[in-house]
Every structure is written in structure tokens, then in C-alpha cells.
Amino acid sequence: MNPQNNFNWQQAIGELKAKLERSPLIQKNPDTYQAVETFYNQLLDKFQRLPKPGQVAAFAVGAIIVLTIFNSIVKLISALMTLAVLGVLIYIAFDTHRPS
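Residues numbered from 1 in each chain as written. Predicted model: local features only at pLDDT ≥ 70, side-chain atom pairs only at ≥ 80, totals over all residues. Heavy atoms only, no water.

(A) Looking closely at the overall build of the chain. Of regular secondary structure, the chain possesses three helices and zero strands. Along its sequence from the N terminus, the chain presents helices and strands in the succession α-α-α. Residues counted as buried form 3% of the 100 residues belonging to the chain. As presented, the chain carries roughly 9,800 Å² of accessible surface, and 68% of it is formed by carbon and sulfur atoms. (Helix = DSSP H or I, 4+ residues; strand = E, 2+ residues; numbered from the N terminus. Buried < 20%, exposed > 50% of the residue type's maximum accessible area, 1.4 Å probe, protein only. Areas by Shrake-Rupley, 256 points an atom, 1.4 Å probe, with all protein chains shown as cover.)

As C-alpha cells, then:
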């Protein structure tokens, strides 16, 4: 085997991993994850301490809120698509009637 072709892949991978860990774009903030996990655990604990009718009511209210947000997002996307199509149609209409 030619010595020039003898490349140390393990060393190259180790150097890439070290570069990625030092990269500011991929830094992880453990405090944020811990805060979210703590909030989730507190919320879950409060939910589990509710009586059954309270759990059903809390679930129903949560489902209504989630569906309302989802509906709003769908309407926003629909409005943006309508504006895009209208913009294209207006552009075509003005471009075809423009004197050359």
C-alpha cells in the first residue's frame, strides 16, 4: 500500500468532532433544557393531582387551545398563498398590458 494513501480516518473524525464541539452555532444551553423539563414535570404533577373530572376538563380546554392555534396557522398559510397567487395574477395582468 502506498504511504501517501494511508490516511488516519479516526484522527480526522476526532478533529471534526472537536471542531463541532467548539463551534458557537452548536452550543447547547443545559439551563434552558432543565428549565423546560422542570416546567413540564410541574405541569404534569399538577395535572395528575386533579380529580378525574378536572383532568377531563383540563384536557378538553388544552385540546381546544391547540386546535384554535392550529386553525389560525392554517388560515394564515391560506391567506399568504392567496396573496401570492393574487400577486402573480396582478403581475401578469400589468405585464401583458404594458406598452413595449
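We are not done yet, so read on.
(B) Structural context of the environment of threonine 68. Within the secondary structure layout, threonine 68 lies in helix H3 (residues 52–96). Here the side chain of threonine 68 touches isoleucine 64 through a polar contact of 2.7 Å, landing on its backbone oxygen. (Polar contact = N/O pair within 3.5 Å; in protein donor to acceptor, adjacent residues only side chain to side chain.)

(C) Examining helix H2 (residues 30–49) more closely. An ideal rise of 1.5 Å per residue puts 28 Å on 20 residues; H2 measures up with 28 Å between its terminal C-alpha atoms. For H2, a buried count of zero out of 20 residues is recorded, marking the element as mostly open to its surroundings. (Expected span 1.5 Å × (residues − 1).)

(D) Structural detail: the pattern of salt bridges. Following the criterion strictly, the structure yields one salt bridge and no others. Here aspartate 45 ties to arginine 49 by a salt bridge, and the two come within 3.2 Å at their closest N and O atoms. Highlighted residues: aspartate 45 and arginine 49, both in helix H2, separated by four residues, approximately one helical turn. (Salt bridge = Lys/Arg side-chain N within 4 Å of Asp/Glu carboxyl O.)

Geometric descriptors of this kind do not, in isolation, establish any biological role.
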